[in-house]
Amino acid sequence: MISTRQNKLHKGLQSFPVKRVSGNHFNSDLDTVIKEAPLEISIACGPMDNRRKELLSVTMRTPGDDFNMVTGFLFAEHFIHKAADILSIRFTGNFEEETLQENALLVELAPEVKIDLSTGKKFITSSACGFCGSSAFDVSAHEGTYIPIVNNEMISVETLYQLPATIQSFQGLF
C-alpha cells in the first residue's frame, strides 16, 4: 500500500535534541531535519514456476515514497516499459526492528519481462542525474527512456515557466 502524503512526510523527517544559543544562554530544543536512509532494491523475475531473486542496488534516499522512486528507477534503467511490468512491490526489511522494516524492498516483475543481469552490472544509485562519474555520454544507452508525444499538443511558454514552482509545491520535504 502506498502511503498517504502526510505519512510520507513523517517518514522523511527526524528530530534531534539541540542546544540553541540565545544571547549568552543555551536552550534545549528539538530540531527537525530531513532523514536519509539506505534502501536495498531486489527484483524477482522469470517464469512464475522458476523465479530468480537478484539484488539490484542499494541507494540512499529520503524514506516515504519508495515504491514510486523504485518504479521510476526501473523505468529509467529500461528494466520496465509500462506499469503492468510490475506485479507487486513490497517491503522485505527486518520486521523485528522497526527502524529497518522499510529499508529493503522486492519488486516482483511480470514473467514476460526479460532481465539480463549476466553482465554483472551493479548500480551505484545516488540522487545525482546519472551522468556523474561517467567517462562518456552514450546517447544510445538512453534511447527509449521517454514516451514520445504522438500528437501535436503544444505547451505554452507561461506553463513551462510555472513548472518549477508547481513541481516544488509537491515536494513537501525539499
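Below you will find a few notes about this structure.

## Structural notes on the packing of aromatic side chains
Right, on to step 1. Under the criterion given, the structure shown has 1 aromatic pair.
Right, on to step 2. Geometrically, the ring pair formed by Phe67 and Phe91 is tilted, given 4.9 Å between the ring centres and 35 degrees between the ring planes. You can see Phe67 sitting in helix α2 (residues 66–76) and its partner Phe91 sitting in strand β5 (residues 86–91), a full 24 residues away along the chain. Note on accessibility: Phe67 and Phe91 belong to one class, buried.

## Focus on α2
Right, on to step 1. Residues of α2 that are buried: Asp66, Phe67, Val70, Phe73 and Leu74. Projection of α2 onto a plane perpendicular to its axis shows the buried side chains occupying an angular sector of 125 degrees, all on one side.
Right, on to step 2. Note on α2: the residue one or two positions beyond its end, His78, has a positive phi of about 65 degrees.

## Some points on the pairing of strand β6 (residues 104–109)
Right, on to step 1. Most of β6 is tucked away: 6 of the 6 residues are buried.
Right, on to step 2. Residues Ala104, Leu106 and Glu108 of β6 are buried on one face, and the alternating residues Leu105, Val107 and Leu109, pointing to the opposite face, are buried as well.
Right, on to step 3. Strand direction decides the pairing type here: strand β3 (residues 37–45) and β6, joined by 5 bridges, are parallel. When the sheet's bridge partners are listed, Ala44 is paired in β6 with Glu108.

## Description of a nonpolar patch on the surface
Right, on to step 1. A contiguous nonpolar patch, built from Ile155, Leu160, Leu163 and Ile167 and spanning about 370 Å² of accessible area, is present on the exposed surface.
Right, on to step 2. Tracing the backbone through its elements, the reader meets Ile167 in helix α3 (residues 157–169).

## Points about the environment of Glu108
Right, on to step 1. Positionally, Glu108 belongs in strand β6.
Right, on to step 2. With a relative accessible area of 15%, Glu108 lands in the buried category.
Right, on to step 3. Sequence separation between Glu108 and Ile43 is 65 residues; the distance between their C-alpha atoms is 5.9 Å.
Right, on to step 4. When sequence neighbours within four positions are dropped, the list of residues in contact with Glu108 reads Ala44, Arg51, Asp85, Ile86, Leu87, Ser88 and Arg90.
Right, on to step 5. Only 2.9 Å separates the side chain of Glu108 from the side chain of Arg51, close enough to count as a polar contact.

Reading the values: the criteria
- Residues numbered from 1 in each chain as written.
- Predicted model: local features only at pLDDT ≥ 70, side-chain atom pairs only at ≥ 80, totals over all residues.
- Heavy atoms only, no water.
- Phe/Tyr/Trp six-rings, centres within 6.5 Å; stacked < 30°, edge-to-face > 60°.
- Helix = DSSP H or I, 4+ residues; strand = E, 2+ residues; numbered from the N terminus.
- Buried < 20%, exposed > 50% of the residue type's maximum accessible area, 1.4 Å probe, protein only.
- Arc of directions from axis to C-beta.
- Pairing = 2+ DSSP bridges.
- Patch = residues over 30% accessible without salt bridge, like charges linked within 9 Å, V, L, I, M, F, W, Y side chains within 5 Å.
- Areas by Shrake-Rupley, 256 points an atom, 1.4 Å probe, with all protein chains shown as cover.
- Salt bridge = Lys/Arg side-chain N within 4 Å of Asp/Glu carboxyl O.
- Contact = heavy atoms within 4.5 Å.
- Polar contact = N/O pair within 3.5 Å; in protein donor to acceptor, adjacent residues only side chain to side chain.

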